[in-house]
Amino acid sequence: MSAQQAEKWTILKLLEWTTEYFGKSGSDSPRLDAELLLAEARGCQRIELYTAFNEEPDEAVRTTFRELVRRRGEGTPVSQLLGRKEFYSLSFRVSEDTLIPRPETEHLVIEALDEFKRLGQTNDKLQLADIGTGSGIIAICLAKNLPNAHVSAIDISPAALRMAELNAADHKVQDRIKFIESDLLAKLPATQPLDMICSNPPYVSEAEYAELDKSVRDFEPRQALVGGPDGTETIVRLIDEALPRLKPGGRLIFELSPMIADSVTEHLAHVDAAEDVRVIKDLSGHKRIISVARGK
C-alpha cells in the first residue's frame, strides 16, 4: 500500500479511529456510537456502512462527522445528536428538553398493556393519564396499542409537551391524546374517574444526582430527574393525587429507582386507598415498576 493510499480516511478507518477515541472518552458503546454518528453524517442506514468500508467520504460528510464526534466527546448523548431514540420498537424525537427514553421504561408499558389484557379490556373505551409525559413515549405507546383509549399526557414543561405533540403526530395518535401543562394532576379536569394512571416521575435523590454521569447530569433536564432530597418526594405526591382520581380497581403504575423501592412500598402499606401492590423487576432483577390498585 502506498503512503498516499495509507492516508486515505475510508469509512473503516474513520470508524476505527473514532471507536478508539470514544473508548478513551468513557463511552460505554464506542463502536456503536461511531457507527450511528457516521451513518447520520452520511445520510444512510447504519448497516450500509458495512458494504462501504473502503469508500472515502467526501469533505461535507467528514465535516459533519467531525462536529458530531466533537460534541459526543464532550458528553452530548448520541440520541440528542441524532434527534431521535427507539423505544418499544418505535422511533421518537428527543431533545435536551426531555429525558432520553430508557429500555427500563418499556417494563411500565408492558405491565400496563398486560393489565388490560388480563382484564379483557384491550378494546374497551378507556380513559388513561400519563404523568410527566416528557417526549410522550408512554402515552403514545398506550394509544397505539389500545385503539379505543384516550390519554391525557401531562407535563410541567411546555417544551417537553411540544416534543410530545410532534411525536404523537408522527405516530398518528394525536387525535386521542390531550396534552396538558400541569404539575402532576393539578390541572387535569376532574370530569370522570380514570381507568389507569402511568408515570415515569422524577425519582433521583439529590445525592444520586451529584454522582450521575455527565452525559445525563449536564444534558438532560434536572426537573425530570430529581424527585427531592430522598428521591421519594414526587412519588409520594403522585400517589396521594393519583389514587383518588382512579376508578375503584383502577391502577397507578409508575417507574422508580430500585434504591427507593422498599421505602415506597412501605409508604403504600399505610395508604388506605392502596390495594394489591405489585413490584415488577427489570431484566437485571432490580425492583423497577410498582403497580397499585385503588381500593374498591
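Residues numbered from 1 in each chain as written. Predicted model: local features only at pLDDT ≥ 70, side-chain atom pairs only at ≥ 80, totals over all residues. Heavy atoms only, no water.

## A short note on the sheet that holds strand E5 (residues 177-181)
Inference 1: Read from one edge of the open sheet, 7 strands run E5-E4-E3-E6-E9-E11-E10, paired in mixed fashion. Of all strands in the sheet, those bounded by a partner on one side alone are E5 and strand E10 (274-281). Geometrically, the sheet is characterised by an average inter-axis angle of 15 degrees between neighbouring strands, direction not taken into account.
Inference 2: Relative to E5, strand E4 (residues 149-155) is paired through 5 bridges, and the arrangement is parallel. Its bridge partner being in E5, Val 151 is matched across the sheet by Ile 177. (Pairing = 2+ DSSP bridges. Helix = DSSP H or I, 4+ residues; strand = E, 2+ residues; numbered from the N terminus. Axes fitted to C-alpha atoms, helices over the stretch in contact; angles between N-to-C directions.)

## Re the environment of Leu 185
Inference 1: By secondary structure assignment, the location of Leu 185 is in the loop between E5 and strand E6 (194-199).
Inference 2: With 156 residues separating them in the primary sequence, Leu 185 and Ser 29 have C-alpha atoms 38 Å apart.
Inference 3: Apart from the residues within four sequence positions on either side, Leu 185 is in contact with Ile 131, Ile 197, Leu 238, Glu 241, Ala 242 and Arg 245. (Contact = heavy atoms within 4.5 Å.)

## A short note on the packing of helix H11 (residues 233-242) against helix H12 (residues 261-268)
Inference 1: The interhelical angle for the contact between H11 and H12, taken along N-to-C directions, is 30 degrees, at an axis separation of 11 Å. Our classification of the angle between H11 and H12 gives roughly parallel. Of the two possible hands of crossing, H11 and H12 adopt the one that is right-handed. Residues Ile 235, Val 236, Ile 239 and Asp 240 of H11 lie in contact with H12, whose contacting residues are Val 264, His 267 and Leu 268.
Inference 2: Considered class by class, the residues forming the contact of H11 with H12 number 5 nonpolar, 1 polar and 1 charged. (Parallel < 35°, antiparallel > 145°, perpendicular 65-115°, else oblique. Left-handed = near helix turned anticlockwise from the far one by under 90°. Nonpolar A, V, L, I, M, F, W, Y, C, P; charged D, E, K, R; others polar.)

## A closer look at the nonpolar core
Inference 1: Membership of the largest hydrophobic core comes to 33 residues, with the highest contact counts inside it found for Ile 197, Ile 239, Leu 252, Phe 254 and Val 264.
Inference 2: Of all elements in the fold, only strand E3 (126-131), E6, H11, strand E9 (246-255), H12 and strand E11 (287-294) reach the threshold of two or more residues within this core.
Inference 3: It is H11 that contributes the most residues to this core, 4 residues altogether.
Inference 4: In contact with Ile 197, other than residues within four places in its own chain, are Ala 129, Ile 131, Leu 185, Ala 242, Arg 245, Leu 246, Arg 251, Leu 252 and Ile 253.
Inference 5: In this structure, Phe 87, Ile 137, Ala 153 and Val 173 belong to the second largest nonpolar core, which totals 29 residues. (Core = buried A, V, L, I, M, F, W, Y, C linked by side-chain atoms within 4.5 Å. Buried < 20%, exposed > 50% of the residue type's maximum accessible area, 1.4 Å probe, protein only.)

## Concerning the confidence of the model for the protein chain
Inference 1: Averaged over all residues, the pLDDT of the protein chain is 93; the fraction at 70 or higher stands at 98%.
Inference 2: Here residues 1-5 scores under 50 on pLDDT; set against residues more than four positions off or in separate chains, the count is 1 contact. (pLDDT = per-residue confidence, 0-100.)

## Here we look at the pattern of salt bridges
Inference 1: Counting across every chain of the model gives 25 salt bridges.
Inference 2: Notably, a salt bridge pairs Glu 20 with Lys 24, separated by 3.3 Å at the nearest N-O pair. Note that Glu 20 and Lys 24 are positioned in helix H2 (residues 11-25) at a spacing of 4 residues, about one turn of the helix.
Inference 3: Among the residues examined, Glu 20 registers a relative accessible area of 48% and is labelled partly exposed.
Inference 4: Here Lys 24 falls in the exposed class, since its relative accessible area comes to 69%.
Inference 5: Note that Glu 111 is salt-bridged to Arg 278, the shortest N-O span being 3.8 Å. Linking Glu 111 in helix H6 (residues 106-119) with Arg 278 in strand E10, this pair joins segments that are 167 residues apart in sequence.
Inference 6: Connected through salt bridges with shared partners, the residues Glu 111, Glu 115, Arg 118, Arg 251, Asp 276 and Arg 278 form a single ionic network. (Salt bridge = Lys/Arg side-chain N within 4 Å of Asp/Glu carboxyl O.)

## Details of H6
Inference 1: When the terminal C-alpha atoms of H6 are compared, their 20 Å separation across 14 residues agrees well with the 20 Å that a helix rising 1.5 Å per residue should span.
Inference 2: Three or more residues of H6 are buried, namely His 107, Leu 108, Val 109, Glu 111, Ala 112, Leu 113, Glu 115 and Phe 116.
Inference 3: Phi for Gly 120, located one or two positions after H6, is positive at around 65 degrees. (Expected span 1.5 Å × (residues − 1).)

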